[in-house]
Amino acid sequence: MITVTIDGKEIKLEKPVTVLEAARSAGIKIPTLCWHEQLERYGGCRLCLVEIEKMPRLQTACTFMVADGMVVRTETEQTANVRRGILEFLLINHPLDCPVCDKAGECELQNLVGKYGPAKGRYKEKKRKVPESLEDPIIVRNMERCIMCTRCVRMCEGVQGASAIDVISRGGHSHIEPFSGGKYDCEYCGNCISVCPVGAIMSRLHRHSFRPWQMENEIETICPYCGVGCTLIVQVRDDVIKRVVPRIGSVVNNGLLCTRGRFGYEFVGSKERLTTPLVRIAPKTQSGVGSQESTLSQPPFDKGGSQGGVISELFREATWEEAISLVAKKLSEIKEEYGNPAIAGIASPRCTNEDNYIFQKFMRVALGTNNIDSTARTGFAGAQSFIENIFGQGATANIISGLSNSDLVFVIGGDPTTVNPILGLQIRACSRNGGNILTIGNFKGLEYFSPQKLVPVLYTEDILLEGIVTVLKNKKRLSDANSKLEAKIKDISTSIEDVKNICKIEEKDFNEFLNILSESTNPSIVIGKETAQSNGASYKLLLLSAINYLINGRLYLLSDRANEQGLLDMGCAPDILPGYRPVSYVESKRRYESIWESELPGKTGLTIFEMVNAAKNGSLKAMYVMGENPVYNLPDSKTVEAALRNIEFLVVQDIFLTETGKLADVVLPALSWAEKDGTFTNMERRIQRLRKAVNGNGMEDWRIISEIARNMGKKFDYSNAEDIFNEICKASPLHKDLTYEDIEKGGGIYPYKGEPLRDGMEEIQVHNAERLSVNGKLYLRIERPLFHSGTLSRRAPALVKIYPEAVVRISPDTAKALSFKEGEVVRVSTKIGSIELPVVIDKALDNFSVMLTNNFEGKSAYRLMGYDIEPVTRASVLDGNTVAIEKAGL
């Protein structure tokens, strides 16, 4: 135990810390400018100088370590004079523009000058003049205000790992600039904005629109984008979100945000938001009006934001009472005429747990069907189910921060720094902490952190993984802990020669990779969606499970939607009830029938792809889509669109009129993430509170569905989201006895207080598909950009400014072979369609791949991609989509 005395207060410490940290633990504030709790110690500004008994000089509290018996004085005449002098030096060039500076009111320099002085400056020379830089669409720089604390540089390099800015020039000419010049060429995380103590680096989104003290409310909630579940503080004025900032100390992101979380909130206030229910007036198949070319690619609103445009062509406005009554009446009629299997529902990974629970309950209780699924079926759901069958429920529920403490992280199937950026930072931190990063494939966000990567020829990953398993099983002894998995491992055998000849991997690189992997003692494996959507995905997941078993690692599944985990936990799948109880289990079924006071269907329902097929062949007569856009977010979009046109009655519940919404018979306006209460469950299976920040014109998803259920004679009586959560924790064994209060106290970590499914492991089934051969062809693949997420981000103006349009990415060799130049517009064609896009030449791409995003209206990759179904995971397989590229206009 270490005992120190600071300003007469005795402090006991269990381990050595700096004087500053010791003082902060006792509530004693020592002034700083260069120090920040998220950054390494620096000692540059010298404002934290303190007196220490028996020390001849003042010492910097942020770097000086405490010792037992030390006596420290932080506020003396000497320290005050030194601080006043330092501040006077800083003000030599700092402009006195507090009345027009957006930082006023939360400026650390302003606060310190107010406390210590100086009252006036003694320097008569002219101040340094640096023009304010407005070249960047998101970040404004005013280097006249910069005090050279280098917080932004240290954050960018030491925490974010982007190294996009640095100190330029020397001495009095020093200033901070992005390496790219005026406009940033970076990850736009905005974490430099968070740590800047003055107004030198600020966001343009709210420039000159408020003062910090004018904020009427600050609401802590959860980010609506990816599955990491970062904590946000939403700052509100006049019922409008003015700014989103992180909270230091939050367990998931600890004060860090990505570009989507920080700048992607503007869609909440979009003029294109739906405000009233809509009822179709135009036939779906009417030529010219209902066709894709005339409506799905048109904006739904007039330029002024009024509900004109396509809306006036296809729909009329209706009251809530009329719309809800119509939906209840039509669904009841279809159920009566065609039977329960003729109705299906699609849930949403962007909606809360409470929304999704009520949705699946409505489908089962009111409509009597298990035809419930979501876009989690495209990869995440099947991959997680496969892995949990091998290792048990919760096998992928690992703490994200654990990645930084790993001695090795193995990444495959996607760039975590773009899919789940804050998780990606933990992988970078692993590297900075001395760990190894191994990747199979090129991932731009990790290229400066990977000591070893293997890049096999396209579609030969399975051979490479077989080779890794073969070597590992010879190096490691099987423990007999998992006999079924070990039986599979024993059957795997691939020679290094096969790896060399088929994958085109050098033996030296392969051996080095294996040596690092086999010697790790605390490894983690991160699996992306590209693996889950690949040919033979179940076999690759088996191989990755085998590798994980042999090295005794932890598994992480990347998740690109905020509540993808939660909707599965709530039972939004055709074969499971809330808490993962199978619909075929009689005892589980009886339990829910007792709680819900209704008979439930016992037959497994349709997956989302089976729903599309059923709609296409006419056996599916009605569909209810909540917060999802299947026409856009499922591959082979034209087929999905044609299938949904064939449905007799389609209900779409959303915040925007999406491509799917334009096909609906009734459109119901819901509330966005910022306009309702509830919970999200992140990829760790951590349940977190979502809180209402502003008011909206729609209705909560759960409330809409409850009103429809009541109109159908079912008892759905809930007054708020907490009522629903309490029922979830009564019905779901997994969530047994959990409460909102428990969650707010940190009790929302898996396995909660509940009962995970402990049933015995089923036989491991795999589909070892015939390997695809590239044969010199080009293949279309999905680009998952950092700056966009599904179709939601295209309604966020800041994100669109960063990444404004769809592009097609090709390798330099492909561009040379086809005589394409950067920015040239080309036609990209597959057997199911074509679109025209500008070319971007990407050095990281192989010569067989063509990359295209699925985010921009009318120019999505899924318009061009066909798919197969993986027999085991039942996910979509996107491999093998050959593509041709030619100059536009030919």
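What counts, and where the lines are drawn
- Residues numbered from 1 in each chain as written.
- Predicted model: local features only at pLDDT ≥ 70, side-chain atom pairs only at ≥ 80, totals over all residues.
- Heavy atoms only, no water.
- Helix = DSSP H or I, 4+ residues; strand = E, 2+ residues; numbered from the N terminus.
- Rg over C-alpha atoms; globule rule 2.2 N^0.38 Å.
- Buried < 20%, exposed > 50% of the residue type's maximum accessible area, 1.4 Å probe, protein only.
- Contact = heavy atoms within 4.5 Å.
- Arc of directions from axis to C-beta.
- Salt bridge = Lys/Arg side-chain N within 4 Å of Asp/Glu carboxyl O.
- Domains from an automatic or database assignment.
- Axes fitted to C-alpha atoms, helices over the stretch in contact; angles between N-to-C directions.
- Parallel < 35°, antiparallel > 145°, perpendicular 65-115°, else oblique.
- Nonpolar A, V, L, I, M, F, W, Y, C, P; charged D, E, K, R; others polar.
- Phe/Tyr/Trp six-rings, centres within 6.5 Å; stacked < 30°, edge-to-face > 60°.
- Lys NZ or Arg CZ within 6 Å of the ring centre and 35° of its normal.

Peer 1: Describe the overall build of the chain, and please don't skip the residues or the numbers.
Peer 2: A tally of helices and strands in the chain yields 29 helices and 36 strands. Here the chain has a C-alpha radius of gyration of 29 Å; the compact-globule value for 890 residues is 29 Å, and the two agree. For the chain, the C-alpha atoms occupy an extent of roughly 90 × 70 × 65 Å along the three principal directions. With 890 residues in all, the chain has 62% of them scored as buried. For the chain, contacts bridging at least 24 residues in sequence account for 72% of all contacts bridging at least 6.

Peer 1: Would you mind going over helix 15 (residues 483-490) in detail, with residue names and values included?
Peer 2: All buried positions along helix 15 are accounted for by L485, E486 and I489. Looking straight down helix 15, one finds that the buried residues subtend no more than 100 degrees of arc, so they occupy a single side. Across helix 15 from its buried face, at more than 90 degrees, point the exposed residues S483 and K490. Where the residues of helix 15 are buried, they touch helix 11 (380-391), helix 14 (461-475) and helix 19 (537-551).

Peer 1: Please provide a residue-by-residue account of the side chain of N420, values included.
Peer 2: Within the secondary structure layout, N420 lies in the loop between helix 12 (416-419) and helix 13 (421-432). In this structure N420 comes out as buried when scored by relative accessible area, which is 0%. With residues up to four places along the chain from it excluded, the contact list for N420 reads C226, G227, V228, L558, S559 and M683.

Peer 1: Give me the lowdown on the side chain of T791, citing residues and values where you can.
Peer 2: Within the secondary structure layout, T791 lies in the loop between strand 29 (779-782) and helix 28 (797-802). Taking the relative accessible area as the measure of exposure, T791 reaches 14% and is therefore buried. Not counting the four nearest positions on each side in its chain, T791 is found in contact with N629, Y632, N633 and N855.

Peer 1: Which residues make up the pattern of salt bridges, and what values do they have?
Peer 2: In total, this model carries 52 salt bridges according to the counting rule given. Close ionic contact of E763 with K484 constitutes a salt bridge, the shortest N to O distance being 3.7 Å. On the criterion of sequence distance, the pair formed by E763 in the loop between helix 27 (740-744) and strand 29 and K484 in helix 15 is long-range, its members being 279 residues apart. One continuous salt-bridge network, built from bridges that share partners, spans D677, R689, R691 and E744.

Peer 1: Residue-level account of the domain arrangement of the chain, with values.
Peer 2: Here the chain is described as being made up of domain 1 (2-75), domain 2 (101-108 + 122-269), domain 3 (380-557) and domain 4 (779-887). Computed from C-alpha coordinates alone, the two centres of domain 1 and domain 3 are separated by 44 Å.

Peer 1: Any chance you could break down the packing of helix 15 against helix 19 for me, citing the residues and the numbers?
Peer 2: Following both chains from N to C, one finds helix 15 and helix 19 inclined at 110 degrees, their axes separated by 10 Å at the closest point. Comparing their axes, helix 19 and helix 15 come out roughly perpendicular. Listed contacts from helix 19 to L485, E486, K488 and I489 of helix 15 are L542, S545, A546, Y549 and L550. When its residues are assigned to classes, the contact of helix 15 with helix 19 shows six nonpolar, one polar and two charged.

Peer 1: Describe the packing of aromatic side chains, listing the residues and the values that go with them.
Peer 2: The final tally for this structure, using the stated rule, is 16 aromatic pairs. Plain terms: the ring middles of F89 and Y123 are 6.1 Å apart, the flat faces sit at 45 degrees to each other, and that makes the pair tilted. Linking F89 in helix 2 (residues 77-90) with Y123 in the loop between helix 3 (108-116) and strand 6 (139-141), this pair joins segments that are 34 residues apart in sequence. Judged by relative accessible area, which is 54%, F89 ranks as exposed. An aromatic cluster is present here, built from Y184, Y188 and F787 joined pairwise through their rings. In this structure, K361 is placed above the aromatic ring of F716, and the distance from its NZ or CZ to the ring centre is 4.8 Å.

Peer 1: Outline the environment of G605, supporting the account with residue identities and numerical values.
Peer 2: Along the chain, G605 falls in the loop between helix 21 (586-596) and helix 22 (608-617). When residues no more than four places from it in sequence are discounted, the contact partners of G605 are N370, N371, P574 and E610.

Peer 1: A description of unusual backbone geometry should follow, citing residues and the corresponding values.
Peer 2: In this structure, the amide linkage connecting G117 to the following residue, P118, adopts the cis form with an omega of 5 degrees. Within the secondary structure layout, P118 lies in the loop between helix 3 and strand 6. Following Y750, the chain continues into P751 via a peptide bond in cis, with omega recorded as 10 degrees. By secondary structure assignment, the location of P751 is in the loop between helix 27 and strand 29.

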